[in-house]
Amino acid sequence: MGLALGEARKAYQIGEVPIGAVLVIGGEVISLAYNRRETWKDATAHAEIIAIREACQKLGRWRLTGAVLYVTIEPCPMCAGALVAGRIDRLVYGSPDYKAGAVESIFNVVQNVALNHRLEVTAGVRAEECAAIMREFFRERRR
């Protein structure tokens, strides 16, 4: 989660919503990413999506079996769907997102029995640090 927080800080520094993600397979970091929606003018440029795309490119496959995705904030519906579609085994996230969370807060996409793949979930890892960077970012934006 420390690496994901580092990625979130990179996003913060360039005026992006500070969310970071790290995809790991077998203890090896495959990809690191942070939000780039504003920079790339792309609604899909969430940290999770970028990390998944980069991992698929690097590995030459779309099935990310054995992968763990670490992300600072609970994924939204789009990102949760991408985790399922990519066959990621485990999600570890920091702070919940009560406005758009699709893992536990509003929806539970990643463990929905109607879907063909479900993820193991660990929530609340370094939650206060993950929430704090978001609070500070939005506090500054409102000034």
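Because the structure is a prediction, the values reported are computed rather than measured.

Observations concerning the nonpolar core
- The biggest cluster of nonpolar side chains holds 45 residues, and the ones touching the most others in it are L23 and I88.
- Within the residue set of this core, elements represented by two or more residues are α1 (2-13), β1 (20-25), β2 (28-34), α3 (47-59), β3 (67-73), α4 (77-85), β4 (90-95) and α5 (127-142).
- In terms of residue count, the dominant contributor to this core is α3 (seven residues).
- With residues up to four places along the chain from it excluded, the contact list for L23 reads E28, V29, I30, S31, I52, A55, L64, A67, V68, L69 and I88.

Section: unusual backbone geometry
- Positive phi is not limited to glycine here, since K41 has a value of about 55°.
- A positive phi is found at R126, a non-glycine position, where the angle reads about 55°.
- Along the chain, R126 turns up in the loop between β5 (120-123) and α5.
- The partly exposed category is assigned to R126, whose relative accessible area is 38%.

Thoughts on the layout of surface pockets
- Estimates place the volume of the largest pocket at around 580 Å³.
- Taken together, 22 residues make up the lining of the largest pocket; nearest its centre are I73, D97, K99, M134 and F138.
- Here the element with the most residues in the lining of the largest pocket is α5; it accounts for five residues.
- Considered class by class, the residues forming the lining of the largest pocket number 12 nonpolar, three polar and seven charged.

What counts, and where the lines are drawn
Residues numbered from 1 in each chain as written. Predicted model: local features only at pLDDT ≥ 70, side-chain atom pairs only at ≥ 80, totals over all residues. Heavy atoms only, no water. Core = buried A, V, L, I, M, F, W, Y, C linked by side-chain atoms within 4.5 Å. Buried < 20%, exposed > 50% of the residue type's maximum accessible area, 1.4 Å probe, protein only. Helix = DSSP H or I, 4+ residues; strand = E, 2+ residues; numbered from the N terminus. Contact = heavy atoms within 4.5 Å. 1 Å grid on protein atoms, 1.4 Å probe; cavity = no way out; pocket = protein on both sides within 12 Å on 5 of 7 lines; lining within 4 Å. Points joined across faces, edges and corners; volume = space filled by probe spheres on them. Nonpolar A, V, L, I, M, F, W, Y, C, P; charged D, E, K, R; others polar.

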